[in-house]
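Examining the three-dimensional arrangement
The residues making up each chain are set out below.
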Amino acid sequence: MHDRLLADCRARLGFDLLANTWNAVVLYALAEGPRRPRELRAGIGGISAKVLTETLRRLEGYALVERHAYAESPPRVEYALTALGRTLLGPIEALGRWSAEYGDAFADAQGWNQDEQDIQG
């Protein structure tokens, strides 16, 4: 049991992948099909064009996202999940369900909700 999270353990791959805040968000934003970068930014909110580009390139390098460039005028680029990328939707959705169910308790434990009450109070 103690060696389950060693640096060379395969289980660390998922944890390392999801440690980057934007990886899971971008993967989930692509769940319904291919999207253009502008659509992704609008749907995600709070992500700069630079960070989105870096995240998409990283996920493309991981073979989780594929880039499609269309020879049109003006040029059009879309990103989509690969089959491997789609396998991460279940774990991401599970974490989302956990967050919905336990998010308030987690925020309370961190004192985050108290800070909001102090401001409103």
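These notes cover the structure that comes with them. For every chain, the first residue of the written sequence is number 1, and numbering continues from 1 along that sequence. The predicted nature of this model means local features are confined to residues of pLDDT at least 70 and side-chain atom pairs, given and counted, to a pLDDT of 80 or more, with totals for whole chains, interfaces and linings taken over all residues. Just so you know, side-chain values use all the structure's heavy atoms and leave hydrogens and water out.

1. Side note on unusual backbone geometry
Stated precisely, the cut-off is as follows: Secondary structure elements are defined from DSSP: runs of H or I of at least 4 residues count as helices, runs of E of at least 2 residues count as strands, and each element is numbered from the N terminus. Only protein chains enter the calculation, and the probe is 1.4 Å; a residue is then buried if its accessible area is under 20% of its type maximum, exposed if over 50%, and partly exposed in between.
Residue Pro74 is reached from Ser73 by a cis peptide bond, and omega for that bond is 0 degrees. If you trace the backbone, Pro74 turns up in the loop between strand E1 (65–70) and strand E2 (76–81). Despite not being glycine, Ala63 shows a phi value in the positive range, around 65 degrees. Relative to the assigned elements, Ala63 resides in the loop between helix H4 (49–61) and E1. For Ala63, a relative accessible area of 39% corresponds to the partly exposed category.

2. Examining helix H6 (residues 89–110)
To be explicit about the condition: To estimate how far a helix should reach, multiply one less than its number of residues by 1.5 Å.
Compared with the 32 Å implied by 1.5 Å per residue over 22 residues, the 28 Å span of H6 between its first and last C-alpha is markedly short. Of the positions making up H6, those classed as buried are Leu89, Ile92 and Ala107. Within two residues after H6, Gly111 carries a phi angle of roughly 80 degrees, on the positive side.

3. With respect to the side chain of Thr82
Our working definition: Working rule for contacts: check all heavy atoms of both residues, and any pair within 4.5 Å makes them a contact.
Positionally, Thr82 belongs in the loop between E2 and helix H5 (83–86). Since its relative accessible area comes to 16%, Thr82 is described here as buried. Not counting chain neighbours up to four residues away, the residues in contact with Thr82 comprise Ala63, Leu64, Val65 and Glu66.

4. A word on the pairing of E2
Put simply, the test is: A strand pair is defined by DSSP finding two or more bridges across the two strands.
Within E2, five of the six residues are buried, which leaves it mostly tucked inside the rest of the structure. In this structure, E1 lies alongside E2, joined through six bridges in antiparallel fashion. Bridged to Tyr70 within E2 is Arg76. Once E1 ends, the chain turns through five residues before running back antiparallel as E2.

5. Describing the pattern of salt bridges
Note the following rule: Any carboxyl oxygen of Asp or Glu within 4 Å of a side-chain nitrogen of Lys or Arg constitutes a salt bridge here.
Tallied over the full model, the rule gives three salt bridges. For Glu72, the salt bridge identified is with Arg76, shortest N-O distance 3.0 Å. Where Arg76 meets Glu78, a salt bridge forms, and the shortest distance between an N and an O atom there is 3.0 Å. Residue classification places Glu78 among the buried positions, given a relative accessible area of 14%. A network of salt bridges, in which partner residues are shared, links Glu72, Arg76 and Glu78.

6. Here's the deal with the packing of aromatic side chains
Counted only if it meets this: Any two rings among Phe, Tyr and Trp, with Trp reduced to its six-membered ring, count as a pair given centres within 6.5 Å; such a pair is stacked if its planes are under 30 degrees apart, edge-to-face if over 60, and tilted if neither.
Scanning the entire structure with this criterion turns up two aromatic pairs. With 5.9 Å between their ring centres and 40 degrees between their planes, Trp98 and Tyr102 make a pair best called tilted. Pair noted here: Trp98 and Tyr102 are both in helix H6, with a separation of four residues, about one helical turn. With a centroid separation of 6.3 Å and an interplanar angle of 70 degrees, the aromatic rings of Trp98 and Phe106 are classed as edge-to-face. Here Trp98 falls in the partly exposed class, since its relative accessible area comes to 40%.

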